[in-house]
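Listed here are the chains, written in short residue letters.
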Amino acid sequence: MRITLVEDNIGLAKGIAYRLQDTGHAVDLLHDGREASVFLRDDTSDLIILDINLPGIDGLALLKELRARDDGRPVILLTARAETEDRVIGLDAGADDYLIKPFEMAELEARVRALTRRRAVPHRQTAQIGAVSFDAAARQLFADDAPLELPRRELSVFECLLSAEGRLVSKAALLDYAYGVGTDVDEKVVEVYISRLRSRLKPYSIGIKSQRGLGYQMRYEPEA
């Protein structure tokens, strides 16, 4: 999944992000409520982990803002406030779950898994390019109706290119999609993923073109 984490404690935020990335999630990391408010307007992450005590805009205000604009993504609130009344306020504001600091990372992972199961889509949401289709709910690629197995980072790059519908996607955008915003990963890894994807997709007449300094675009290129 893609997870947006908003936490102003830098050390804790990095610890959570690294743990979630180790289990296969991409994490966008932000530390300020006002910055997060802007980011979440256009972001398409699957889940939000939100600290209550944030600079700029506090977490509860940000949560109410999300729900007011019909953003139904699941939200896990993080807080040091242990009183029952505080938990009730958070849940009434629209939170799906509530975790009190300090907590064990294993518990946070369990809460994330639970919310993922709760929002599981019972039918396929597919996108097609040539003979290749992508089941977004199952995160599974099919070629000629047979499963096409890709490592998760390559699959994320493919998904990002597919969603662009033939438009150029920058190297930085592909990196953010695969690893999460703010991750310290060299952009050159994108070139490796693109090279591998080209080889895998060539038999299905799908090409990935590059424009120096601008990015990549994926297109179906049937033989004449």
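Remember, it's a predicted structure, so these values are computed and weren't measured experimentally.

How each quantity is defined
Residues numbered from 1 in each chain as written. Predicted model: local features only at pLDDT ≥ 70, side-chain atom pairs only at ≥ 80, totals over all residues. Heavy atoms only, no water. Axes fitted to C-alpha atoms, helices over the stretch in contact; angles between N-to-C directions. Helix = DSSP H or I, 4+ residues; strand = E, 2+ residues; numbered from the N terminus. Parallel < 35°, antiparallel > 145°, perpendicular 65-115°, else oblique. Left-handed = near helix turned anticlockwise from the far one by under 90°. Contact = heavy atoms within 4.5 Å. Buried < 20%, exposed > 50% of the residue type's maximum accessible area, 1.4 Å probe, protein only. Pairing = 2+ DSSP bridges. Core = buried A, V, L, I, M, F, W, Y, C linked by side-chain atoms within 4.5 Å.

(A) Just the packing of helix α6 (residues 152-163) against helix α7 (residues 171-179), in detail. Their axes nearest at 9 Å, the elements α6 and α7 cross at an angle of 130°. Of the possible angle classes, the one that applies to α6 and α7 is oblique. Crossing geometry of α6 relative to α7 is assigned as right-handed. Together, Arg153, Ser156, Val157, Glu159, Cys160 and Leu161 of α6 and Ala173, Leu174, Tyr177, Ala178 and Tyr179 of α7 make up the contact between the two elements.

(B) Here's a closer look at the pairing of strand β7 (residues 132-135). Because side chains alternate across β7, one face comprises the buried residues Val132 and Phe134, and the other comprises Ser133 and Asp135, equally buried. Pairing between strand β6 (residues 126-129) and β7: 4 bridges, direction antiparallel. Of the residues in β7, the one forming a bridge with Ala127 is Phe134. Between β6 and β7, which follow one another and run antiparallel, lie 2 residues, and Gly130 among them has a positive phi close to 60°.

(C) Representation of the nonpolar core. By size, the foremost hydrophobic cluster in this structure holds 29 residues, and its most contacted members are Phe158, Leu161, Leu174 and Met218. At the level of secondary structure, the elements contributing two or more residues to this core comprise β7, β8 (140-143), α6, α7, α8 (188-201), β10 (206-211) and β11 (215-220). Here this core takes 6 residues from α6, the largest share from any one element. In contact with Phe158, not counting residues within four places along its chain, are Ile129, Val132, Phe134, Leu141, Leu197, Leu201 and Met218.

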